[in-house]
Amino acid sequence: MAMRIVVTGGMGDLGSRVVRLLVAQGHEAVAASRRTGLDLTTGAGLEPVVAGADAVVHCADDPSRGDFVTVYGTRRLADAAAARGVHLVHVSIVGIDDHPMAYYRRKLRAEQAVAAAGGPATVLRATQFHSLAAFFGRTLTKGPVTFTIGDMAFQPVDTDFVATRLAEVATGPRPAAYVRARDLAGPDVLPLVELARLVRAHRGASAPHAVHVPPVGRLLHAFAESRNVPVPGAAHVGGRTFAEWLATQPARLTGH
Ligand SMILES: NC(=O)c1ccc[n+]([C@@H]2O[C@H](COP(=O)([O-])OP(=O)(O)OC[C@H]3O[C@@H](n4cnc5c(N)ncnc54)[C@H](OP(=O)(O)O)[C@@H]3O)[C@@H](O)[C@H]2O)c1
């Protein structure tokens, strides 16, 4: 049966893929963000968006706004969805428990807000998308040198794989209360230096030299310990490998 599913951030990287998948499956997918009149920082446009939805997939975020979208916006949305018994599917990030990075701490508080709202909700955590991992590989490489810390590594995931799983969860059975779905990750664990090598090889450059930087401070320690990588066997693994994704990208990577 066709469902009406709202996708917040439905014109963003992840959200637009969720919208396309849902439409291809015959569902009514409603992209909602500031461009369509929904502002999660104020709640403007929220009630009409949630009313009449069978589920909401929450892909809107803006890390540059501190708590305003990530925490308060998610709380507003979760409360509105819970009040109407609408299934909220919230995307989060692997390894955010006890992580010192400010954005990860906010994502954890966002999950807590979803749980506290008390409605039917599924939280799905994913590792870094391939595009973000490539960005790390580029920005931590200066000329032919990659600066790495301890065991810094990524298990990046294909954004389409995450979108597919979000669409499955949204169109699947509505949980009775808050649940955490199995974390998502891509097929390979890539040490940062290997990741940087793949990125450089993609544009025809030689393998980088690794320079190990001491993990000074809690943030660098967290990355040195690869807390962003799931414990082996814990995650649902799938989607294209980083190398397969990279092969579809232009030689000069931009953004993330
Ligand atoms: N990138 C990764 O590696 C990764 C990994 C795991 C999880 N995630 C999670 O995936 C989610 C989506 O990430 P993404 O990379 O697809 O983000 P994105 O491309 O930046 O899209 C986010 C969307 O949010 C909307 N938005 C921003 N501020 C808003 C507001 N105040 N009210 C309503 N909508 C607003 C924007 O649309 P408008 O400009 O039209 O408002 C934008 O299209 C995030 O929650 C992120 O934490 C990302």
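Residues numbered from 1 in each chain as written. Predicted model: local features only at pLDDT ≥ 70, side-chain atom pairs only at ≥ 80, totals over all residues. Heavy atoms only, no water.

Asks: Just to check I follow, could you spell out the site of the ligand for this structure?
Replies: In the vicinity of the ligand, 27 residues are found, and the nearest of them are Ser33, Arg34, Arg35, Tyr103 and Lys107. Taking Ser33, its side chain carries an N or O atom lying 2.6 Å from an oxygen atom of the ligand. Here an oxygen atom of the ligand and a side-chain polar atom of Arg35 are 2.7 Å apart. When residues of the shell around the ligand are traced back to their parent elements, those giving at least two are helix H1 (13-24), strand S4 (87-93) and helix H4 (102-117). No other element matches S4, which puts three residues into the shell around the ligand. (Near = heavy atom within 4 Å. Polar contact = N/O pair within 3.5 Å; in protein donor to acceptor, adjacent residues only side chain to side chain. Helix = DSSP H or I, 4+ residues; strand = E, 2+ residues; numbered from the N terminus.)

Asks: Mind showing me how you'd approach the pairing of S4 here?
Replies: A regular strand carries its side chains on alternate faces of the sheet. Within S4, seven of the seven residues are buried, which leaves the element mostly enclosed by the surrounding structure. Alternating positions in S4 separate into two faces, His87, Val89, Val91 and Ile93 on one and Leu88, His90 and Ser92 on the other, with burial throughout. Bridge count between strand S3 (residues 55-58) and S4: four bridges; the pairing is parallel. The residue of S4 that forms the bridge with Val56 is Leu88. Read as a crossover between parallel neighbours, the route from S3 over helix H3 (residues 67-84) to S4 is right-handed. Pairing between S4 and strand S5 (residues 121-126): six bridges, direction parallel. Looking at S5, one finds that Val89 is bridged to Thr122. (Buried < 20%, exposed > 50% of the residue type's maximum accessible area, 1.4 Å probe, protein only. Pairing = 2+ DSSP bridges. Right-handed = clockwise from strand over helix to strand, strands pointing away.)

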